[in-house]
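# Working through the structure, step by step
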Protein chains: 2
Amino acid sequence: MSVVYDRVALIGLGLIASSIFWAIKRSGLANEVTGYARTKDTRETARRIGLCDRVCDSATEAVEGADLVILCVPVGVMGRVAAEIAPVLKPGATVSDVGSVKRSVIDAVAPHLPDGVHFVPAHPLAGTEHSGPESGFAELYDNRWCIIVPADEDTDPDAVAKLRSFWEGMGAHVDEMDADHHDLVLAVTSHAPHLIAYTMVGVADDLRRVTDSEVIKYSAAGFRDFTRIAASDPTMWRDVFLTNKDATLEILGRFTEELFALQRAIRTGDGDHLYDYFTRTRAIRRGIIEAGQDTDAPDFGRGGGRQ
Amino acid sequence: MSVVYDRVALIGLGLIASSIFWAIKRSGLANEVTGYARTKDTRETARRIGLCDRVCDSATEAVEGADLVILCVPVGVMGRVAAEIAPVLKPGATVSDVGSVKRSVIDAVAPHLPDGVHFVPAHPLAGTEHSGPESGFAELYDNRWCIIVPADEDTDPDAVAKLRSFWEGMGAHVDEMDADHHDLVLAVTSHAPHLIAYTMVGVADDLRRVTDSEVIKYSAAGFRDFTRIAASDPTMWRDVFLTNKDATLEILGRFTEELFALQRAIRTGDGDHLYDYFTRTRAIRRGIIEAGQDTDAPDFGRGGGRQ
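No experiment lies behind these values; they were computed from the predicted model shown. (Residues numbered from 1 in each chain as written. Chains lettered and ligands numbered in written order. Predicted model: local features only at pLDDT ≥ 70, side-chain atom pairs only at ≥ 80, totals over all residues. Heavy atoms only, no water.)

## Brief notes about the sheet that holds strand β7 (residues 122–124) of chain A
Residues and elements named next belong to chain A. Reading across the sheet, the three strands line up as β7-β8-β9 and stay open at both edges, with mixed pairing between neighbours. Bordering the open sheet on either side are β7 and β9 (173–176), each of which pairs with just one other strand. The sheet shows a mean angle of 20° between the axes of neighbouring strands, direction not considered. Two strands pair when backbone bridges link them, and strand β8 (residues 145–148) and β9 are joined in this way by four bridges, in the parallel orientation. Note on β9: the bridge partner recorded for Cys 146 is Val 174. Against the sheet, helix α6 (residues 157–169) touches β7, β8 and β9, its axis set at about 150° to β9. (Pairing = 2+ DSSP bridges. Helix = DSSP H or I, 4+ residues; strand = E, 2+ residues; numbered from the N terminus. Axes fitted to C-alpha atoms, helices over the stretch in contact; angles between N-to-C directions. Contact = heavy atoms within 4.5 Å.)

Listed below in structure tokens is the structure:
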């Protein structure tokens, strides 16, 4: 694998950024990686574990001379960070991000960037329920999708191609699409499901007639799959929902319509409606396994004594 | 491990029954296991793969002389099966089941059973998204919970204790509770979550502005966890919802209340409400990992190139 960017700067050093660093190192995609995080604690942890070649005490110091700057901060603060680093961006540099929403990131960041800097937002569809600088690992992006969303039609195609090579070098498959389509697709495949999982876990927590220990003990019964989703980073998800509002609310509206129809089928004893619905959804699951996006092993291959 | 029952009969030969057979063999819990399934195909498959010591062509033949009869059929047909086998049940035999709901199973089965037969319903909290006689394996119940629900307060305690030993011999932890409490707990931890997962998958399927391939390609983004739940056996789940109606509808009602509150927070931009809610649910996830009911490995330990 060859060097794609000479100098890379990572702003924010959580799960995503730390995994990018380890993946860069694994494949030799950059000569030097600088990093910056908001808190002193995080910067010291990063230095201690060797995360980044050079951890800086300011974002501007990290960004100076960088060919690629990746904003790995919550989407709610990207505008502020962009404003801060804009004066020191090298002409010809590429600014990118890893945010889970794209329209609002573009709207927040683009106005601050000088001419001559390429803005190529991105969104890697990967993550775990853990957070922080010590949670990253090089394999996070292997075989995962990364969606590249050029900020507008005038974006330099070479800058886009170079970012694509970078993400492919980290193991990902790359697709390109425009910002609004991205936000709708993610509302369906990720944002609405996450909110629903959060809600189900919250309801279980509230219910006093079923003890906490029962909910926990018997959580292998289906509930457990929801709780993994509901353990995601609260800051990140708050920002996602606040910034992908319209698409998320649309999907949730459709969801509640469907749910009420199924509730009615239960209340009225309409077994055929239920059976047909469940049969249809089983086929979708098969499609996902065939597309290679999940394992066919029973119970996600948890195996052994743990399921 | 020693023999608990001399003769065991399994009525229905799907995932649950086949796993019971292999677990019995693994630990030597019975001397002979007979089996019966409704379709000729299933019976022939069972014979071919050595599932059961003797596969019978009628339920009554399988049940004759059995010390333990386990009904492993959909809950909607348990009453009919009970009526069919009642005349040939051995005095002192125990009849049990593996149904996911308990009140309606007791109501359907108990009236048919003769005096002198012990009725001790049960519900093992274990399963995968696969079905059929070839899907079973001995380890399915290891470290899983099995809830025993004696049909009434007069149930013979020795019969209950013996069934407990049997399930513990298959690797499970055993709890006892009454039928209505069981049905409420399962509505919270399993039935409502399953319906919600089904609905989310159905909504994604309906949405034409997001192509099927995108939903599938990007399904590692959270949606995928729902689809495993939604691939469960349609017959079993139809019957579960039709027979655990009240508790399920109650939980779904709470769920929609909570969901609307979160939708409102999104619409009005109430970031604090969202942040607090997500922080609370993350703590519940930690509780589950600590209770040993799931793995702490990122992404359920899927690992490698597949996540």
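## Quick look at helix α6 (residues 157–169) of chain B
Structural remark: α-helix, 3.6 residues per turn; residues separated by three or four positions point the same way. A rise of 1.5 Å per residue sets the reference length of α6(B), with its 13 residues, at 18 Å; its end C-alpha atoms lie 18 Å apart and thus fit the reference within 8%. Taken as a whole, α6(B) has its buried residues at B:Ala159, B:Val160, B:Leu163, B:Phe166, B:Trp167 and B:Gly169. (Expected span 1.5 Å × (residues − 1). Buried < 20%, exposed > 50% of the residue type's maximum accessible area, 1.4 Å probe, protein only.)

## Some details on the sheet that holds strand β4 (residues 68–71) of chain B
Residue and element names in this part refer to chain B. Pairing is parallel across the open sheet formed by six strands, whose spatial order is β3-β2-β1-β4-β5-β6. One side of each edge strand has no neighbouring strand; the edge strands of this open sheet are β3 (54–55) and β6 (118–119). Examined bridge by bridge, strand β2 (residues 30–36) and β3 share two bridges and lie parallel to one another. In the strand pairing of β3, Thr 34 is matched with Arg 54.

## Overview of unusual backbone geometry
All names here are of chain B. Positive phi values are uncommon outside glycine, yet Cys 52 reaches one of about 85°. As for its placement among the helices and strands, Cys 52 is situated in the loop between α2 (40–49) and β3. Residues other than glycine seldom take positive phi values, yet Asn 143 does so here, at roughly 65°. Among the secondary structure elements, Asn 143 is positioned in the loop between β7 (122–124) and β8 (145–148). Since its relative accessible area comes to 29%, Asn 143 is described here as partly exposed.

## Focus on the pairing of strand β5 (residues 94–97) of chain A
All names here are of chain A. A two-sided burial pattern is seen for β5, the buried positions comprising Thr 94 and Ser 96 on one face and Val 95 and Asp 97 on the other. Where strand β4 (residues 68–71) and β5 come together, four bridges link them in parallel fashion. By the bridge assignment for β5, Leu 71 is matched with Asp 97. The parallel pair β4 and β5, bridged by helix α4 (residues 78–85), forms a crossover whose chirality is right-handed. Bridging between β5 and strand β6 (residues 118–119) involves two bridges; their strand directions are parallel. Paired with Thr 94 across the strands is His 118, a residue of β6. (Right-handed = clockwise from strand over helix to strand, strands pointing away.)

## Some details on the packing of aromatic side chains
Scanning all chains against the criterion turns up 16 aromatic pairs over all chains. Ring centres of A:Phe278 and B:Phe241 lie 5.7 Å apart, and the angle between their planes is 55°; this geometry places the pair in the tilted category. Linking A:Phe278 in helix α12 (residues 271–290) with B:Phe241 in helix α10 (residues 234–243), this pair reaches from one chain into another. Grouping residues by exposure puts A:Phe278 and B:Phe241 together as buried. (Phe/Tyr/Trp six-rings, centres within 6.5 Å; stacked < 30°, edge-to-face > 60°.)

## Structural notes on the state of the cysteines
Residues and elements named next belong to chain B. In total, this model carries zero disulfides over all chains according to the counting rule given. Of all cysteine sulfurs, the one in Cys 52 lies closest to Cys 72, which takes part in no disulfide; the gap is 9.4 Å. With relative accessibility at 14%, the residue Cys 72 sits in the buried group. Counting only cysteine sulfurs, Cys 72 is the nearest neighbor of Cys 146, a cysteine outside any disulfide, at a range of 11 Å. On the basis of relative accessible area, Cys 146 is assigned to the buried category, the value being 0%. (Disulfide = S-S within 2.5 Å.)

## With respect to the confidence of the model for chain A
Residues and elements named next belong to chain A. Per-residue confidence for chain A gives a mean pLDDT of 88; residues scoring 70 or more make up 87%. Counted against residues more than four places away or in other chains, residues 300–307, with its pLDDT under 50, gives 31 contacts. Here the predicted complex carries an ipTM of 0.78, next to a pTM of 0.75. (pLDDT = per-residue confidence, 0-100.)

## Structural notes on the pattern of salt bridges
Residues and elements named next belong to chain B. Applying the stated rule across the entire model yields 34 salt bridges over all chains. The salt bridge partner of Glu 257 is Arg 254, with a shortest N-O separation of 3.7 Å. With Glu 257 and Arg 254 both in helix α11 (residues 245–268) and three residues apart, this pair spans about one turn of that helix. Assessed through its relative accessible area of 52%, Glu 257 is described here as exposed. (Salt bridge = Lys/Arg side-chain N within 4 Å of Asp/Glu carboxyl O.)

## A word on the nonpolar core
Core analysis: the largest hydrophobic core is formed by 131 residues, its most contacted members being A:Ile11, A:Val69, A:Ile196, B:Ile11, B:Val69 and B:Ile196. The residues touching A:Ile196, leaving out its near neighbours within four places in the chain, are A:Phe226, A:Leu252, A:Phe255, B:Ile196, B:Met200, B:Phe226, B:Phe255 and B:Leu259. With 39 residues, the next largest nonpolar core counts B:Leu13, B:Phe21, B:Ile24 and B:Val120 among its residues. (Core = buried A, V, L, I, M, F, W, Y, C linked by side-chain atoms within 4.5 Å.)

## Some details on the packing of helix α11 (residues 245–267) of chain A against α11(B)
For any two helices packed against each other, the geometry is given by the interaxial angle and the distance between the axes. Taken N-terminus to C-terminus, the directions of α11(A) and α11(B) make an angle of 165°; their axes are 11 Å apart at the nearest point. Here α11(A) lies roughly antiparallel to α11(B), going by the angle between them. Both α11(A) and α11(B) take part in a crossing whose hand is left-handed. Contact residues: α11(A) offers A:Lys245, A:Thr248, A:Leu249, A:Leu252, A:Phe255, A:Thr256, A:Leu259, A:Phe260, A:Gln263, A:Ile266 and A:Arg267, while α11(B) offers B:Lys245, B:Thr248, B:Leu249, B:Leu252, B:Phe255, B:Thr256, B:Leu259, B:Phe260, B:Gln263, B:Ile266 and B:Arg267. A breakdown of the residues in the contact of α11(A) with α11(B) according to their chemical character gives 12 nonpolar, six polar and four charged. (Parallel < 35°, antiparallel > 145°, perpendicular 65-115°, else oblique. Left-handed = near helix turned anticlockwise from the far one by under 90°. Nonpolar A, V, L, I, M, F, W, Y, C, P; charged D, E, K, R; others polar.)

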